[in-house]
Amino acid sequence: MKSLIKKALVSVATAGLMTLSTLSSAVEKPLKVGFVYVGPVGDAGWTYGHDEGRLEMVEKLGKNIETTYVESVSEGADAERVIRKLAQQGHDLIFTTSFGYMNPTLKVAKQFPNVKFQHATGYKRGKNVGTYSARFYEGRYLTGVIAGHMTKNNVIGYVGSFPIPEVVQGINAFTLGLRSVNPDATVKVVWINSWYDPAKEREAAESLIAQGADIINQHTDSPAPVQAAQDKGVFAFGYDTDMTRFGPDAHLTGSMVHWGGFYTDTAKAVLDKQWKAEDVWGGFSAGMVEMAPYNKAIPETVVAQVEAFKTQIADGTFTIFEGPIKAQDGSIKVSEGTKLNDGDILSMNWYVEGVEGSLPN
Amino acid sequence: MDMDLITNILFAMVRTGTPLLLVALGELVCEKSGVLNLGQEGMMLMGAVIGFIAALTTGSLIFGVIMSLLVGMAMAMLFGLLAIQLRANQVATGLALTIFGAGLSAYVGTDYIGQALAGFQPMLIPLLSDIPILGKALFSQDILVYCSLGIALAIWLFFRFSRPGLMVKAIGESPDSATAVGLPVIRTRWLALLFGGAMAGLGGAYLSLAYTPLWAEGMTAGRGWIALALVVFASWKVERVLLGAWLFGLASIMHLVLQGMGASISSNLLATLPYLATIVVLVLLSSNQSRSRLLAPMSLGKPYHPAG
């Protein structure tokens, strides 16, 4: 049912795109950059963030580039068709911005060796396919530090989507930050088995609050947990974008994604013929993760401490996943002086000490 | 489990069950008249998006609710034109209505995603809300929850004691006999259908104006389908629809609460609880064919061709 609607949307968008490209072919030859989005650009979350990045790139590079995007492209067969269409229309650089576009991107890339592809959040690369993602967990560590200072009950609720490494990384980073300033605090995780179900997210947040949590963190995409926290008079952290307006008193801050710098640099690299198929996984240092505005309720000393951590994470003098780190059962999981490499972080399937409950397999 | 937690669980149970209850009550009346409308999800989404936009632009939640009722009815009218007037297949028409509603609501709501609205706030009923355990669940809710209870009672009384109620039932059982004794089949079916549409719109508005005051594409997340199953689950009885909606609410809350308590059951398994409950009852009902036939309105889903 949903794919039908998306198909309709896609065909409308592609039709628009074709007219666009015929119109502009008369002008001189700027670099043509295409974007494939999984959601609508107005989703206030994931796709919105990518489109903000595209707009920033347009602003920075001006006439040197020309962009088109296709929104609400479902991750199945549609994706391949849309990506191929963009390649056929002479796009030089194509960003495919959802995990499910991985195989379609690689398939099309083989047929168009002169086109550069960048796939977000995937792990397979090719001669002309690079990958990129953001280290969301760096921001989550900072929210943990703030939570450690702000909690009174020492119970933090965490609304999780799916128990996959990306989410587990975030829970662990958050918990490490939390317990670095407040060793007594614990984190209760509730999985809702969906990325996006506002009502369920709200139920999860409310049930956590009912069980004593006085701060709610989330790894789901809607602002419903922030709304729940606002209504119940507790604190919350948003995600993806600045969710302050959904809970002006509750919203402490949040880990936000920022793609604009990366998009600009990538397009520049292609213009300068410097582009290589690489894997980019950037955090604060790359400007790919940013913090949402801090709530006034956070004491200035805490903000200063968090900002100091941020600088240290960015310049590499502080590493989040560096031993000693204890696993949930109290045993040493990462020994002193050892830093987890990216492979370990990307396959994380264990909880650090301080997380309650067991991780579903 | 301490008392506070139980109180909170019951409170959440009623809230979670409310959108299901509203939609299921509307569908119950519709089905009693013999019309099977599977378009609930689409009507709900339209109610949610239009209610939200109306409330946001005018600043009046009540206006939002009224608009959601009207848009639900407009959607039902579309169904009626095809399924009642033109006697199209009701199942296919209903499915089309859901697809249409999902697409149209996404289109209409594009500019309103990510906007915030202060939704309906709880209204405590003095004294009653202080009753231990149950008081909070029943008497400190928002106005739409009270409405849902009032509507449930009204429908129960309607079918139990009123002549029009009997008329709807008679038409759902045998439109031909009803015609023979001079009952207006088509008009009654239209009214039942429109009522169902209004209720589905209201169910959607409950999500976007009270439960999670925001608009998000596809935010009903299948609740329209669950409401449809609830009607069968409840074997077309109002009081069972009410209990079923709350039971479903309870199951979906418990799955989250148990996780928070550290129960080591797979969350994926727990998440299926409400659906399992629905399926079990459906199986039990249909295991006895004559019984399920007695329960469902006899002419359900069949287009009515007036004789002569």
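Our subject is the structure that appears above.
Read on for an overview of the structure.

The rules we used
Within every chain, residues take consecutive numbers counted from 1 along the sequence as written. Just so you know, chain letters begin at A and ligand numbers begin at 1, following the order they were written in. Side-chain atom pairs in this predicted model are given and counted only at pLDDT of 80 or more, local residue features only at pLDDT of at least 70, and totals for whole chains, interfaces and linings cover all residues. Heavy atoms throughout the structure, all of them, feed into the side-chain values; hydrogens and water do not. Secondary structure follows DSSP: runs of H or I at least 4 residues long count as helices, runs of E at least 2 residues long count as strands, and numbering of each begins at the N terminus. Values of the radius of gyration come from C-alpha atoms, whereas the globule rule sets the reference at 2.2 Å times the count of residues to the power 0.38. Buried residues are those whose accessible area, probed at 1.4 Å on protein chains only, stays under 20% of the maximum for their type, while exposed residues exceed 50% and partly exposed ones sit between those limits. Contacts: residue pairs with any heavy atoms within 4.5 Å of one another. The protein chains shown are the only cover counted for residues, whose accessible areas, like all others here, come from Shrake-Rupley with a 1.4 Å probe. Two residue types count as positive, namely Lys and Arg, and two as negative, namely Asp and Glu; His and chain ends fall outside the count. Throughout, a charge is located at the NZ atom of Lys, the CZ atom of Arg, the CG atom of Asp or the CD atom of Glu. Aromatic pairs are defined between Phe, Tyr and Trp rings, using the six-membered ring for Trp, whenever the two ring centres lie within 6.5 Å; interplanar angles under 30 degrees are classed as stacked, those over 60 as edge-to-face, and all others as tilted. Only Lys NZ and Arg CZ are tested; either one counts as a charge over a ring when it is within 6 Å of the ring centre and within 35 degrees of the ring normal. A strand pair is defined by DSSP finding two or more bridges across the two strands. For helices, the axis comes from a line fit to the C-alpha atoms of the stretch in contact; other axes are also lines fit to C-alpha atoms, and the angle between any two N-to-C directions lies between 0 and 180 degrees. Summed over both partners, the accessible surface that disappears when two parts come together, traced with a 1.4 Å probe, is what is meant by buried area. The term salt bridge refers to a side-chain nitrogen of Lys or Arg lying within 4 Å of a carboxyl oxygen of Asp or Glu. For the purposes of these results, a polar contact is taken to be a pair of N or O atoms within 3.5 Å, where, inside protein, one atom must be able to donate a hydrogen and its partner to accept one; residues adjacent in sequence count only when each atom of the pair is a side-chain atom. Under this grouping Gly is polar, as are all residues other than the nonpolar Ala, Val, Leu, Ile, Met, Phe, Trp, Tyr, Cys and Pro and the charged Asp, Glu, Lys and Arg. For classification, angles of less than 35 degrees are called roughly parallel, those exceeding 145 degrees roughly antiparallel, those between 65 and 115 degrees roughly perpendicular, and all remaining angles oblique. Rotating anticlockwise by less than a right angle from the far helix to the near helix defines a left-handed crossing, while the corresponding clockwise rotation defines a right-handed one. Only buried residues count toward a nonpolar core, which is a set of Ala, Val, Leu, Ile, Met, Phe, Trp, Tyr and Cys residues joined through side-chain atoms within 4.5 Å.

Attention shifts here to the overall build of chain A. Of the regular secondary structure elements, chain A holds 11 helices and 15 strands. The C-alpha radius of gyration of chain A comes to 21 Å, within 12% of the 21 Å expected for a compact globule of 361 residues. With the C-alpha coordinates aligned to their principal axes, the bounding extent of chain A is approximately 65 × 45 × 40 Å. Counting over 361 residues, chain A shows a buried share of 58%. Nonlocal contacts in chain A, meaning residues at least 24 apart in sequence, comprise 66% of its contacts between residues at least 6 apart. As presented, chain A carries roughly 14500 Å² of accessible surface, and 53% of it is formed by carbon and sulfur atoms. If you average the places of the 34 positive and of the 40 negative side-chain charges in chain A, the two averages end up 8 Å apart.

Its location among the elements puts G233(A) in the loop between α8 (224-232) and β9 (235-240). Separated by 17 residues in the primary sequence, G233(A) and A250(A) have C-alpha atoms spaced 6.9 Å apart.

The next subject is the packing of aromatic side chains. Per the counting criterion, the structure on display carries 24 aromatic pairs over all chains. Measuring from ring centre to ring centre gives 5.4 Å for Y37(A) and Y69(A), while their planes differ by 35 degrees; the resulting arrangement is tilted. Of this pair, Y37(A) sits in the loop between β1 (31-36) and α2 (46-61) while Y69(A) sits in strand β2 (residues 65-70), and the two are 32 residues apart along the sequence. Look at Y37(A) and you get buried, because its relative accessible area is 0%. Residue classification places Y69(A) among the partly exposed positions, given a relative accessible area of 29%. With a centroid separation of 5.6 Å and an interplanar angle of 80 degrees, the aromatic rings of Y141(A) and F309(A) are classed as edge-to-face. Remark: F309(A) occurs in helix α10 (residues 300-315) and Y141(A) occurs in helix α5 (residues 136-150); sequence separation between them is 168 residues. Each of the two residues, Y141(A) as well as F309(A), counts as buried. These aromatic residues form a ring-pair network of at least three members: F35(A), Y37(A), W46(A), Y69(A), F95(A), Y132(A), F136(A), Y239(A), W259(A), F262(A) and Y263(A). Between the NZ or CZ atom of R140(A) and the centre of the ring of Y239(A), over which it lies, the distance is 4.5 Å. For K32(B), the ring lying beneath its charged end belongs to F159(B), and the centroid distance is 5.6 Å.

With that out of the way, let us pick up the sheet that holds strand β7 (residues 186-191) of chain A. Residues and elements named next belong to chain A. Spatially, the 7 strands line up as an open sheet ordered β12-β10-β9-β8-β6-β7-β15, and their pairing is mixed. Looking at the sheet topology across the chains shown, the edges are occupied by β12 (289-291) and β15 (355-356). Sitting on the sheet, α5 touches β6 (155-160), β8 (215-218), β9, β10 (251-257) and β12, and the angle it makes with β10 is about 170 degrees. Where α8 meets the sheet, its contacts fall on β8, β9 and β10, and the angle it forms with β9 comes to roughly 165 degrees.

Attention now moves to the interface of chain B and chain A. Listed by partner, the interface residues are 37 residues for chain B and 36 residues for chain A. Summed over both partners, the interface of chain B with chain A buries about 3000 Å², with 59% contributed by carbon and sulfur atoms. Linking chain B with chain A are 2 salt bridges, by the criterion used here. Across the chain B-chain A interface, the total number found is 9 residue pairs in polar contact (both at pLDDT 80 or more). Among the secondary structure elements, those contributing two or more residues to the side of chain B that touches chain A are α1 (3-32), α4 (90-109), α9 (185-211), α11 (238-260) and α12 (267-271) of chain B. In terms of residue count, α11(B) provides more of the side of chain B that touches chain A than any other element does, 7 residues in total. For the side of chain B that touches chain A, a count of residues per class yields 18 nonpolar, 16 polar and 3 charged.

Let's shift gears to the side chain of S235(B). In this fold, S235(B) is placed in the loop between α10 (223-233) and α11. Side-chain polar atoms of S235(B) contact the side chain of R240(B), separated by 2.5 Å.

Oppositely charged side chains are able to pair whenever their charged atoms sit close together. All names here are of chain A. Applying the stated criterion across every chain, the model contains 13 salt bridges over all chains. In this structure, the salt-bridge partner of E80 is K107, at a minimum N-O distance of 3.3 Å. One end of the pair, E80, is in helix α3 (residues 77-88); the other, K107, is in helix α4 (residues 102-111), with 27 residues separating them in the sequence. Looking at E80, the relative accessible area reads 18%, which means it is buried. The shortest N-O distance in the salt bridge between R202 and D231 comes to 2.8 Å. Residue R202 is located in helix α7 (residues 198-210), and its partner D231 is located in helix α8; the two are separated by 29 residues in the primary sequence.

Once that is clear, we can look at the side chain of T220(B). One can find T220(B) in the loop between α9 and α10. Not counting the four nearest positions on each side in its chain, T220(B) is found in contact with E41(B), M44(B), L45(B) and L207(B).

Residue and element names in this part refer to chain B. Where helix α3 (residues 61-85) contacts α9, the two axes come as close as 7 Å, and the packing angle between them is 140 degrees. Classified by the angle between their axes, α3 and α9 sit oblique to one another. For the pair α3 and α9, the sense of crossing is right-handed. A per-class count over the contact of α3 with α9 returns 17 nonpolar, 7 polar and 1 charged.

With that settled, the discussion passes to the nonpolar core. Nonpolar side chains in soluble globular proteins tend to be buried together. I216(A), L25(B), L28(B), L193(B), L209(B) and W215(B) are the most contacted members of the largest nonpolar core, which has 95 residues in total. Examining the composition of this core, we find that 13 residues originate from one element, α9(B), more than from any other. Excluding residues that lie within four positions of it along the chain, L25(B) makes contacts with S148(B), I151(B), A152(B), I155(B), F195(B), M199(B), V238(B) and V241(B). With 70 residues, the next largest nonpolar core counts L93(A), V145(A), Y239(A) and I313(A) among its residues.

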